[in-house]
Amino acid sequence: MQKSSRQKRRERRRARLKRRIRTNSGAISMSEVEVSSMAEPGRREQHAVVADMDGTLLRGRSSFPYFALVAFEVGGILRLLFLLLATPLAGLLYYFVSESAGIQALVFATFSGMRVSDIESVARAVLPKFYSSDLHPETWRVFSACGKRCVLTANPTIMVEAFLKDVLGADMVLGTKIATYKGRATGLVCKPGVLFGKNKADALEKAFGETQPDIGLGDRDTDAPFMSLCKEAFIVPPQPEVKPVTMDKLPKPIIFHDGRLVQKPTPLIALLTILWIPIGFLLACLRIAAGALLPMPLVYYASMALGVRVTIKGTPPPQAKKSIGQSGVLFVCSHRTLLDPIFLSIALGRAIPAMTYSISHLSEIISPIKTVNLNRDRAKDASMIKKLLDEGDLAICPEGTTCREPFLLRFSALFAELTDQLVPIAMVNRMSMFHGTTARGWKGMDPFYFFMNPSPAYEVTFLNKLPLELTCSAGKSSHEVANYIQRVIAATLSYECTSFTRKDKYRALAGNDGTVVEKPLLKAN
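Bear in mind the structure is a predicted one, so any value in this text is a computation, not a measurement. (Residues numbered from 1 in each chain as written. Predicted model: local features only at pLDDT ≥ 70, side-chain atom pairs only at ≥ 80, totals over all residues. Heavy atoms only, no water.)

(A) Spotlight on the UniProt feature "transmembrane region" (unreviewed entry) in the chain. With numbering matched to this structure, UniProt assigns "transmembrane region" (unreviewed entry) to residues 66-86, 92-111 and 268-290. Summarising residues 66-86: 100% helix, 0% strand, and an end-to-end C-alpha distance of 15 Å. Across residues 92-111, the secondary structure splits into 90% helix and 0% strand, with the terminal C-alpha atoms separated by 20 Å. (UniProt positions renumbered as here; feature names shortened; annotations may be inferred. Helix = DSSP H or I, 4+ residues; strand = E, 2+ residues; numbered from the N terminus.)

Listed below in structure tokens is the structure:
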């Protein structure tokens, strides 16, 4: 008897919440409360908050862009096309049948046949960057102020859990579970189905038991069932004009992220991307051919004619003269893509050999400059670099891997021990559609994706040659020299220095140390 009366009270509360949300009269919305007082430090540390995701924690109410990211990163352009074709059907189901049916259609079009490990990899390496760029500021202030944080969402748990727990510090994530078979997603969802409406309330009640959460945050009438289980319920009104939380206010900065797409793929951007890829690939082949076949002094003008913008700042040093015994200059570059030494050569008007680390054979074949692989043997690498410097100028990227965000990774100090002729180079690039780097995919496509951008740009800044009193010959240690050059380049670019390494990046994004492993040749029988 007591249980039935409690259920009746909850049903009456749900009905009141639904009426308030629909009429927007008498509802307690986030715009009507003092968010600053709610998020006051120490006030909510013992409280538990339960929040919806799309439209509540995130500004956007549509989850299509994140399904599209998984579709493209795992299944490529054909899977993205299939998802885009299925979107009108999903929209009809969503608005005229039920939200649950629409989300099930997106799940099937995106996940069916995919390996679960691939979905988890994209969720860990790609999605957090896009999710964090859409974080609602007012909801985040309340959510982050509470000691226990729970997220209820209709999105698949496998998509959102890495972001919510690793970046936002959520303690519990309750989402839709996808069905799998032999390590692959079937495209169906497990019982009780999509976490929507009453299913959210049931999941919350099962997770919290008799304990009543302190704060419930939602944005639509279908959130009323779970919000009625909370002591306080707040509605997040749609505010498209509100600016997202800036990256510096996140509890954990996103330094490493992967994926090919630069922009969040809304349906329109996804369509434009699909239409552009065939054209962009042909354009990329033309740009790469021009760089590989033309003399280096002409590549600058050919690049500008083909839409590749190259900006040169500073004064390049003169070429070393072997006839009078001059040693070559070592250009110490910040690392944005594997094309850094090539654009350095374009800026100088002459081919500069480059020390590389685990690049693909295709990249070596199409490269217009000589590339020499480092093999992680300190003595052999030092001998190789000295030999190349005796022959002329040389380029090296001591970070050992690329970083997309405004950070510089730790500089390896080996280069500082080998020469005093050091010229720091600050590299910046700009891409509008595709990233020219990857940690999870095939690196042989990196230059193609960079040149597939409609109008990619590179900025090469020559800094002053390092004074002799700041080199190892003046008694400085190699680590002091490397750290000084890192700080100089970071100050020029307004970047931040870090102590992260190549291994840190690849362990975070790909689960390995970043070495390109070649397939062994089969012995003749």
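What follows continues from the structure just given.
(B) Quick peek at the packing of helix H4 (residues 64-96) against helix H5 (residues 99-111). Interaxial distance between H4 and H5 falls to 7 Å at its minimum, and their mutual angle equals 150°. One way to sum up the angle between H4 and H5 is to call them roughly antiparallel. For the crossing formed where H4 meets H5, the hand is right-handed. Within the contact between the two elements, H4 uses Phe64, Phe67, Val70, Ala71, Arg79, Phe82, Leu83, Ala86, Ala90, Leu93 and Tyr94 and H5 uses Glu99, Ala101, Gly102, Ile103, Ala105, Leu106, Val107, Ala109, Thr110 and Phe111. Considered class by class, the residues forming the contact of H4 with H5 number 17 nonpolar, two polar and two charged. (Axes fitted to C-alpha atoms, helices over the stretch in contact; angles between N-to-C directions. Parallel < 35°, antiparallel > 145°, perpendicular 65-115°, else oblique. Left-handed = near helix turned anticlockwise from the far one by under 90°. Contact = heavy atoms within 4.5 Å. Nonpolar A, V, L, I, M, F, W, Y, C, P; charged D, E, K, R; others polar.)

(C) Region of the structure containing helix H13 (residues 296-305). Turning to H13, its buried residues number three or more, namely Met296, Val299, Ala302 and Ser303. For H13, the buried positions fall inside an angular range of 100° around the axis, keeping them on one side. Residues of H13 that are exposed and point over 90 degrees away from its buried face: Tyr301 and Ala305. For H13, the elements touching its buried residues are helix H12 (267-293), strand S8 (309-313) and helix H14 (340-348). Glycine 307 lies just past H13 and shows a positive phi near 90°. (Buried < 20%, exposed > 50% of the residue type's maximum accessible area, 1.4 Å probe, protein only. Arc of directions from axis to C-beta.)

(D) Examining the sheet that holds strand S3 (residues 172-176) more closely. In space, the five strands of this open sheet follow the order S3-S2-S1-S6-S7, with parallel pairing throughout. For this open sheet the edge positions go to S3 and strand S7 (232-235), each flanked by a neighbour on one side alone. Direction aside, the axes of adjacent strands within the sheet are offset by 15° on average. Pairing between strand S1 (residues 48-51) and strand S2 (residues 148-156): four bridges, direction parallel. Across the sheet, valine 50 pairs through a bridge with cysteine 150, a residue of S2. In the packing of helix H8 (residues 137-145) onto the sheet, contacts are made with S1, S2 and strand S6 (215-218), and the angle to S2 comes to roughly 130°. (Pairing = 2+ DSSP bridges.)

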